Amino acid sequence: HAEVAALRTSLGIRVSGFDAPKPVQTFEQCGLDGALMGVIKKAGYQKPTPIQAQAIPAALAGRDILGIAKTGSGKTAAFVLPMLVHIMDQPELEKGEGPIGIIVAPTRELSEQIHKETRRFSKPYNLRICAAFGGLSKYDQFKDLKAGAEVAVCTPGRMIDLIKMKACTCKRVTYLVFDEADRMFDMGFEPQVRSIMGQVRPDRQTLLFSATLPNKVDRLVQDALTSPVRVTVGEIGA
Ligand code: ADP
Ligand code: MG
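Summary of the structure given here. Numbering of residues starts from 1 in every chain and runs along the sequence as written. A letter from A marks each chain and a number from 1 marks each ligand, given out in the order of writing. Reporting of local features is limited, given that this is a predicted model, to residues whose pLDDT is at least 70; pairs of side-chain atoms are given and counted only at 80 or more, and all residues count toward the totals for whole chains, interfaces and linings. The side-chain numbers reported here are obtained from all heavy atoms of the structure, hydrogens and water having been left aside.

Concerning the environment of V39
(1) Moving on: On the secondary structure map, V39 appears in helix α2 (residues 34-43).
(2) Moving on: With relative accessibility at 12%, the residue V39 sits in the buried group.
(3) Moving on: As for V39 and D179, which are separated by 140 residues in sequence, their C-alpha atoms are 22 Å apart.
(4) Moving on: Contacts are residue-level and defined by heavy atoms, with any inter-residue pair within 4.5 Å sufficient. Beyond its immediate sequence surroundings of up to four residues, V39 is in contact with R120, F121 and P124. Starting at the N terminus, helices and strands are each numbered in turn, a helix being any DSSP run of H or I of at least four residues and a strand any DSSP run of E of at least two. Type-normalised accessible area, obtained with a 1.4 Å probe on protein chains alone, sets the label of each residue: buried when under 20%, exposed when over 50%, and partly exposed for intermediate values.

Things to note about the packing of aromatic side chains
(1) Moving on: Two rings from Phe, Tyr or Trp (for Trp, the six-membered ring) form a pair when their centres sit within 6.5 Å of each other. Planes less than 30 degrees apart are called stacked, planes more than 60 degrees apart edge-to-face, and all others tilted. Tallying each qualifying case throughout the model produces three aromatic pairs.
(2) Moving on: An aromatic cluster is built from F27, Y45 and F121, whose rings are joined through pairwise contacts.

Details of the packing of helix α7 (residues 156-164) against helix α9 (residues 190-199)
(1) Moving on: For the pair α7 and α9, the least separation of the axes is 9 Å and the interaxial angle reads 45 degrees. On the basis of their axis angle, the class for α7 and α9 is oblique. Crossing of α7 against α9: the hand is left-handed. Contacts between α7 and α9 involve P156, M159, I160 and I163 from the former and Q192, S195, I196 and Q199 from the latter.
(2) Moving on: Under the convention adopted here, Pro, Cys and the residues Ala, Val, Leu, Ile, Met, Phe, Trp and Tyr are nonpolar, Asp, Glu, Lys and Arg are charged, and Gly plus all remaining residues are polar. Along the lines of polarity and charge, the residues of the contact of α7 with α9 split into five nonpolar, three polar and no charged. Interaxial angle, 0 to 180 degrees, is taken between N-to-C directions of lines fitted to C-alpha atoms, where a helix line uses only the stretch in contact. For classification purposes, angles smaller than 35 degrees are called roughly parallel, those larger than 145 roughly antiparallel, those between 65 and 115 roughly perpendicular, and all remaining angles oblique. Crossing handedness follows the turn of the near helix against the far one: under a right angle anticlockwise gives a left-handed crossing, and clockwise gives a right-handed one.

Things to note about the pattern of salt bridges
(1) Moving on: For salt bridges, the criterion is a side-chain nitrogen of Lys or Arg within 4 Å of an Asp or Glu carboxyl oxygen. A complete count under the given rule lists eleven salt bridges for this structure.
(2) Moving on: D203 is paired through a salt bridge with R201; the nearest N and O atoms lie 2.7 Å apart.
(3) Moving on: Beyond isolated ion pairs, a larger network of salt bridges with shared partners links E190, R194 and D223.

A look at helix α6 (residues 138-146)
(1) Moving on: Those residues of α6 lying buried are Q141, F142 and L145. The arc enclosing the buried residues of α6, seen along the axis, measures out at 105 degrees, which places them on a common side.
(2) Moving on: Among the structural elements, β4 (129-132), β5 (151-154) and α7 are those in contact with the buried residues of α6.
(3) Moving on: Whenever two N or O atoms come within 3.5 Å, that pair is a polar contact, provided that in protein one can donate a hydrogen and the other can accept it, and provided that, for residues adjacent in sequence, both atoms are side-chain atoms. With a side-chain oxygen lying 3.2 Å from the backbone nitrogen of Y139, the N-terminal cap of α6 falls on S137.
(4) Moving on: Backbone geometry just downstream of α6 places G148 in the positive-phi region, at approximately 105 degrees. Working definition: the arc comes from the directions between the helix axis and the C-beta atoms, pointing outward to the latter.

Set out below in structure tokens:
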């Protein structure tokens with residue numbers, strides 16, 4: 001335990017939550033398949049960032065995660081890599097309908113970046129990553145979801161629209177990510193965020209990332225995450 005504590009201190013992270021796994025020091029220690037190791041290498045990532053070092057093993061163990069980390073800390077790979085493992089592990093991947101993974105971010109620009117990263121990391125697999133945010137044709141997005149995209153990267157408003165249009169249901173969703181939750185709440189998306197959560201089975205895996213932890217976001221964490229591993233990188237925000 002002293003060794004794990006020293007490792008966390010050297011990474012500049014604080015971790016709480018029941019039985020949080022040991023952080024990794026290399027991507028090799030994550031037990032990812034050769035295909036994923038290839039794309040990580042191709043991206044030029046030599047070793048995990050602090051948030052990745054703790055969040056990846058926890059997410060691979062099936063844990064809910066609260067990650068408090070500011071921009072530029074490498075959050076995207078922290079939730080995308082375990083999501084891809086989770087999806088490729090599904091026994092009836094070919095059969096189901098509707099996405100297995102949903103990633104929600106506050107703005108079109110942020111969703112766009114996450115969509116790009118997700119496509120880059122999912123390249124070795126035959127997965128369809130639907131972009132469900134503004135600035136692109138809602139009709140095309142409807143068709144992508146209807147055709148069975150395994151992942152939706154979305155903004156809250158557009159995702160709700162598409163669900164209302166019956167592009168998909170959330171019945172198959174078992175991996176749900178909220179990125180930049182504090183910004184999402186600042187923008188007034190709490191009702192949409194809660195609506196999406198309410199449509200996803202309660203035994204899902206939920207990952208929530210935020211730069212700060214205001215009361216409203218903390219309440220959502222209490223309501224929506226089950227025994228999360230909490231990881232804080234650097235200073236705690238407001
Ligand atoms: P955040 O979401 O925390 O703002 P990003 O996931 O957008 O951070 O990552 C910030 C930048 O760091 C991106 O350009 C990303 O490709 C790069 N990056 C992420 N993880 C690593 C890593 N392990 N090694 C090197 N670069 C990384
Ligand atoms: Mg980000």
